[in-house]
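Given next are the chains, with one letter for each unit.
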Amino acid sequence: MSASGGTKAIVAALAANLAIAVAKFVAFLFSGSSSMLAESVHSLADSGNQGLLLLGGKKAQREATPQHPFGYGRERYIYAFLVSIVLFTVGGMFAIYEGYEKIHDPHEITNWYWPVGVLVFAIIAESFSFRTAIKESNEIRGKQTWTQFVRRAKAPELPVVLLEDFGALVGLVLALGGVGLALLTGDGIWDGIGTLCIGVLLIVIAIVLAAETKSLLLGEAAGVEEVEKIKAAVVDGDVVTRVIHMRTLHLGPEELLVAAKIAVEGHDTATQVADAINAAEARIREAVPIARVIYLEPDIYRPEATK
């Protein structure tokens, strides 16, 4: 996985979530808070998700084979999609179930200082993890808004970690609110309501992640800027006069396929056309380094054929 894959952010999130998961579970054992149990499962699910992202990055580095001639770059998309499934089932649905049970059978929270202390610790730890993810994302986000970055990013790891960390912080605030209200009112039903809110939050985030990674799995084209750079690089104004039509496809976050039909003059020799194609491929790779698989087909330009 390249640096743009956010390995540092993934490792930071993994370390934070493992420590938080243990702390939350201990707090649940001492307090009996359903919010703490839901949050401990949430952190455990997040830890597994970060493990999946690291595994996907490792598998994506395998060399191409005759059976998979374009390599394994999409492994990263597959494992990111698995993350959304884990977040939905293990995190969200478990929290919904636990919240429902607590509302129907509420009980008082004991040893209140355990859940409160652990939640404050978890908020601090998650804030550091979230800060790392934001810092790494800002290096490649450019002028995009955060919504645009999550929707347009071709490397799935950073958007996944960003949404997970954001969800974790909001979930911790919800858990703290549920526990706090349960302690203030003496009614454990608020703990259950907080747990339900955590479950709904995780399910919403899981659906967003699933939608974005599904788009990547189906195959996304290069961004508008990359497409314009490629078109400009193809045309030399001498042999190659225009791009008749072009298709691009991400084979992985850092690997782009370019297929285009280019216009040449009818009097050009085969040698001239071949040299022009080779030169165009070199210009494309210089303009857009991730364009590693390029197919250019020469043709005589006929306006009616492009309609």
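Residues numbered from 1 in each chain as written. Predicted model: local features only at pLDDT ≥ 70, side-chain atom pairs only at ≥ 80, totals over all residues. Heavy atoms only, no water.

## A few points about the sheet that holds strand β3 (residues 291-299)
The sheet built from 3 strands is open, its strands ordered β1-β2-β3 with mixed pairing. Taken across any chain shown, the strands that pair with only one partner, and hence form the sheet edges, are β1 (240-252) and β3. The mean angle between the axes of side-by-side strands here comes to 15°, regardless of whether they run parallel or antiparallel. Pairing between strand β2 (residues 255-264) and β3: 8 bridges, direction parallel. From the neighbouring strand, leucine 257 faces β3, where its bridge partner is valine 293. Its contacts with the sheet place helix α9 (residues 270-287) against β1, β2 and β3, and it is angled at close to 150° to β3. (Pairing = 2+ DSSP bridges. Helix = DSSP H or I, 4+ residues; strand = E, 2+ residues; numbered from the N terminus. Axes fitted to C-alpha atoms, helices over the stretch in contact; angles between N-to-C directions. Contact = heavy atoms within 4.5 Å.)

## What to know about the packing of helix α3 (residues 75-104) against helix α7 (residues 189-218)
Here α3 crosses α7 at 160°, and the two axes come no closer than 7 Å. Relative to α7, the element α3 is oriented roughly antiparallel. Handedness of the α3/α7 crossing: left-handed. In the contact of α3 with α7, the residues fall into 25 nonpolar, 8 polar and 4 charged. (Parallel < 35°, antiparallel > 145°, perpendicular 65-115°, else oblique. Left-handed = near helix turned anticlockwise from the far one by under 90°. Nonpolar A, V, L, I, M, F, W, Y, C, P; charged D, E, K, R; others polar.)

## With respect to the pattern of salt bridges
On inspection of all chains with the given rule, the structure shows 10 salt bridges. The salt bridge involving arginine 76 is made with glutamate 254; its shortest N-O contact spans 2.7 Å. Within this pair, whereas arginine 76 is found in helix α3, its partner glutamate 254 is found in the loop between β1 and β2, the two being separated by 178 residues in sequence. Accessibility expressed as a relative area gives 4% for arginine 76, which makes it buried. Taking the shortest distance from any N to any O, the salt bridge between lysine 102 and aspartate 191 comes out at 2.7 Å. Of the two residues, lysine 102 sits in helix α3 while aspartate 191 sits in helix α7, which places them 89 residues apart along the sequence. A relative accessible area of 2% places lysine 102 in the buried class. Judged by relative accessible area, which is 0%, aspartate 191 ranks as buried. What emerges from the salt-bridge pattern is a single network uniting Arg76, Glu157 and Glu254. (Salt bridge = Lys/Arg side-chain N within 4 Å of Asp/Glu carboxyl O. Buried < 20%, exposed > 50% of the residue type's maximum accessible area, 1.4 Å probe, protein only.)

## Some points on helix α1 (residues 7-31)
If you check α1, its first and last C-alpha atoms are 36 Å apart, about what 25 residues at 1.5 Å a residue would give, namely 36 Å. Among all positions in α1, only Ala9, Ile10, Ala13, Ala16, Asn17, Ile20, Ala21, Ala23, Lys24, Ala27, Phe28 and Ser31 are buried. Taken together, the buried residues of α1 touch α2 (34-59), α4 (113-141) and α6 (157-185). The first or second residue beyond α1 is glycine 32, which carries a positive phi of 75°. (Expected span 1.5 Å × (residues − 1).)

## Description of the packing of α2 against α7
For the pair α2 and α7, the least separation of the axes is 8 Å and the interaxial angle reads 25°. One element, α2, and the other, α7, form an angle in the roughly parallel class. Every residue of α7 that contacts α2 at Ser34, Ser35, Ala38, Glu39 and His42 is listed here: Asp191, Gly192, Gly194, Thr195, Ile198 and Leu202. Tallied by class, residues from the contact of α2 with α7 come to 3 nonpolar, 6 polar and 2 charged.

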